[in-house]
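Chains, contacts and geometry: an overview
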Amino acid sequence: MRETRPRSFYVLASVFALFLLFLYGPMMAILVLSFQGPEGGLVFPMNGVSFHWFEKLREGGGQVEIGPALRRSFRLALLVMVLTVTFSVLAGLAFRRGFRGATLLLYVAIASLIVPSIVVSLGIALEFRLIDDAIKSLGMAWGIEWIQRDFVSALGPFTSGLGAHLTWTLPFGLLIMFAVFNRFDPAYEEAARDLGATPWQTFRHVTLPMIAPFLIGVAVFGFTLSWDELARSSQVMGADNTLPMQLAAKTTTVTDPEIYALGTATTASSILLVLVAFTIATLLQRRRQRG
Amino acid sequence: MSDTADTIAETRGNRVSARARRASRREGHGAAPYLQAAPMALVFLVFFLLPLAATIVVSFWQYTQYSIEPAFTAQNYGEVFGGCLARLPDLCTTFETYLSTLKFGVIVWACTLTLGFTVAYFLAFHVRSLKVQVIFFLLCTIPFWTSIVIRMISWIPLLGRNGLVNQALISMGVTDTPLEWLLYSDFAVVLALTHLYTLFMVVPIFNSLMRIDRSLIEAARDAGASDLQTLTAVIIPLARPGILIGSIFVLTVVLGDFLTIGIMGGQQIASVGKIIQTQMQFLQFPLAAANAVILLVAVLAGVWALLKLVDIRKEL
């Protein structure tokens, strides 16, 4: 190996440093501005230092009313996370064994990633509108009273919204499972089977512990992709809003740093979540290697 | 990110032998794999394939102010392209919007590719220790875990009329009045899209670069190739899969974008995605569906062209 760095190294290193500045600079700006005093505005210079905007955010009633949207987004993200992990692991196992239509399913999953989100969102909204019409005309035809009286729409965060998010998280989950199972040594499972383990026991006590650290990765992906999802959510949430939708709607009307406080809070919790998850994953990995 | 884990695991020689994998595949072709794949297949069927089919069908339907009605008419497509052919060579709104969206696509693609390749190249070839490599790579990915709306909002204190950039320019005497084109403009849209999506170039290109056998580069140098020749004749062709994956991802995201163009353009710049969104708000579903079908065809044509482009170059 060469001892002295070529000149290109210094050029590229400064490009990389500028890239990091480009990535983090704006985030640092709102981080700093969110700690302004009560008189603070949207731009520098800082107007005092306080936790005023965070308190206002916690109390509610300011320009940014986030409570219900936040709880809804959180529940939805949890559900998306659980389903993404479960369905991805199951599908990963299926792809290992091989089945007719495997290639087709893979192509559909990849297509689901690259078809523009607005098209997916519109499609699901249309589909549910057709379902609504069908339910209503059924209600009329068969004289089902509650449909005629109460039914409005099947669109909602936990029906169409959940589906829209899964079309976005499942392809990532599946691709990660591919990467995991591609370098998974089946000898351990064969040993378990030779020792008389049932398929379930083999999965529960051999396969699952070995892939667990990567499943945490899939879970983090599933949660954060759903938590931040906006484009596919836009048409499918019915009368309700998710947190990113609420935020996007506020961007043009908000005039005080409360929105920066919200940005700082959500960014901090996302990063905390990722750090905790990867720490757990690393610990699991270590324990497995020691045991 | 799994790709990096991939690469790192592979370079350590941790790969499971292909024979073992084939052996595991031979056994058991019962119903189990079908049951295991069923939940995922069902989700894609109900929430992806059927909606696409519904979009195509509804794009041929009629609509009134209150309802949509089954029909088979090309009226919606006619409305989308209303007067476009008659007015040529002047561009109608539809063509102008598509051209403007395409323009953003090409500019952002060029920016993210240049920046993404440079960063990936630095990480893959100039950072020598694996540990530093992983740390730098994680540094690039952390912003990915935060909301894109927040990442867009965070440009306001920098680029706004009284933002840091304008304050600096005025105090340096470069300009007397604040620059208005920094925020809510084409420039802001390109900047924000580059900011959001460069990572999608870095990850696959880095992955491709890490798979390149280093002895090939040594060989090129020994054979007398300059750094530039090594780059264009050896490294870039071998990084092609990564460049391709990143390009497809960035292009499809930008062509369908309505959020970034909406927020960073101050809701003043047209894009295909925004047209669809607006028509949905006005309950013009068949019209929105027709636009969606056209957008879909345009995007798939773009992806197909990219794949072709690469294949042709391979054959030359």
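Residues numbered from 1 in each chain as written. Chains lettered and ligands numbered in written order. Predicted model: local features only at pLDDT ≥ 70, side-chain atom pairs only at ≥ 80, totals over all residues.

1. Some remarks on the overall build of chain B
Quick note on the threshold: Elements are defined by DSSP. Helices are runs of H or I of four residues or more, strands are runs of E of two residues or more, and each kind is numbered from the N terminus. Three classes are used. A residue is buried when 20 or more other C-beta atoms lie within 10 Å of its own, exposed when 12 or fewer do, and partly exposed in between, with C-beta atoms placed from the backbone.
Regarding its fold elements, chain B presents 18 helices and 2 strands. Counting over 316 residues, chain B shows a buried share of 38%.

2. Observations concerning the overall build of chain A
Short version of the rule: Two residues form a contact once the distance between their C-beta atoms, set from the backbone, is within 7 Å.
Looking only at helices and strands, one finds 11 helices and 0 strands in chain A. Its helices and strands taken in sequence order, chain A reads α-α-α-α-α-α-α-α-α-α-α from the N to the C terminus. Expressed as a percentage of its 291 residues, the buried residues of chain A come to 39%. Contacts spanning at least 24 positions in sequence make up 76% of the contacts within chain A whose residues lie at least 6 apart.

3. Focus: unusual backbone geometry
Excluding glycine, most residues fall at negative phi; most peptide bonds, likewise, are trans. All names here are of chain B. The backbone phi angle of Tyr184 is positive, close to 55°, even though this residue is not glycine. On the basis of neighbour counts, which here come to 21 C-beta atoms within 10 Å, the residue Tyr184 falls in the buried class. Phi is positive for Gln267, which is not a glycine, with a value near 60°. Judged by the 12 C-beta atoms lying within 10 Å of it, Gln267 is exposed.

4. Here we look at the interface of chain A and chain B
Our working rule: Charged residues are taken to be Asp, Glu, Lys and Arg, nonpolar residues to be Ala, Val, Leu, Ile, Met, Phe, Trp, Tyr, Cys and Pro, and polar residues to be all remaining types, Gly included.
In this complex, chain A contributes 78 residues to the contact, which on the side of chain B involves 79 residues. Among the elements of the structure, α1 (7-33), α3 (67-97), α4 (102-114), α5 (117-142), α7 (157-182), α9 (199-228), α10 (243-250) and α11 (258-290) of chain A are those that each provide at least two residues to the side of chain A that touches chain B. The dominant element in the side of chain A that touches chain B, judged by the number of residues it contributes, is α1 of chain A, at 15 residues. Class assignment for the residues of the side of chain A that touches chain B results in 55 nonpolar, 16 polar and 7 charged.

5. As for helix α11 (residues 186-197) of chain B
Rules: What a helix should span is 1.5 Å times the count of its residues minus one.
Spanning 12 residues, α11 of chain B covers 16 Å between terminal C-alpha atoms, matching the ideal 16 Å at 1.5 Å per step. Considered for burial, the residues of α11 of chain B that qualify are Ala188, Val189, Leu191, Ala192, Leu193, Thr194, His195, Leu196 and Tyr197 of chain B.

6. Re the environment of Thr198 of chain B
Residues and elements named next belong to chain B. Structurally, Thr198 can be placed in the loop between α11 and α12 (199-211). Residue classification places Thr198 among the buried positions, given that 27 C-beta atoms sit within 10 Å. Setting aside residues no more than four positions away along its own chain, Thr198 makes contact with Thr112, Leu115 and Gly116.

7. Observations regarding the nonpolar core
The condition is simple: For this entry, the nonpolar core is defined as buried Ala, Val, Leu, Ile, Met, Phe, Trp, Tyr and Cys residues connected by C-beta atoms within 7 Å.
Membership of the largest hydrophobic core comes to 143 residues, with the highest contact counts inside it found for Leu122 of chain A together with Ala120 of chain B. With 12 residues, α3 of chain A is the largest single contributor of residues to this core. Setting aside residues up to four positions removed in sequence, Leu122 of chain A forms contacts with Gln235 of chain A together with Thr55, Ile276, Met280, Ala288, Ala289 and Ala292 of chain B.

8. Things to note about the environment of His165 of chain A
All names here are of chain A. Along the polypeptide, His165 turns up in helix α7. The class for His165 is buried, based on 28 C-beta atoms found within 10 Å. In sequence terms His165 and Asp132 are 33 residues apart; their C-alpha atoms lie 21 Å from each other. The residues touching His165, leaving out its near neighbours within four places in the chain, are Leu76, Val80, Ser226, Glu229 and Arg232.

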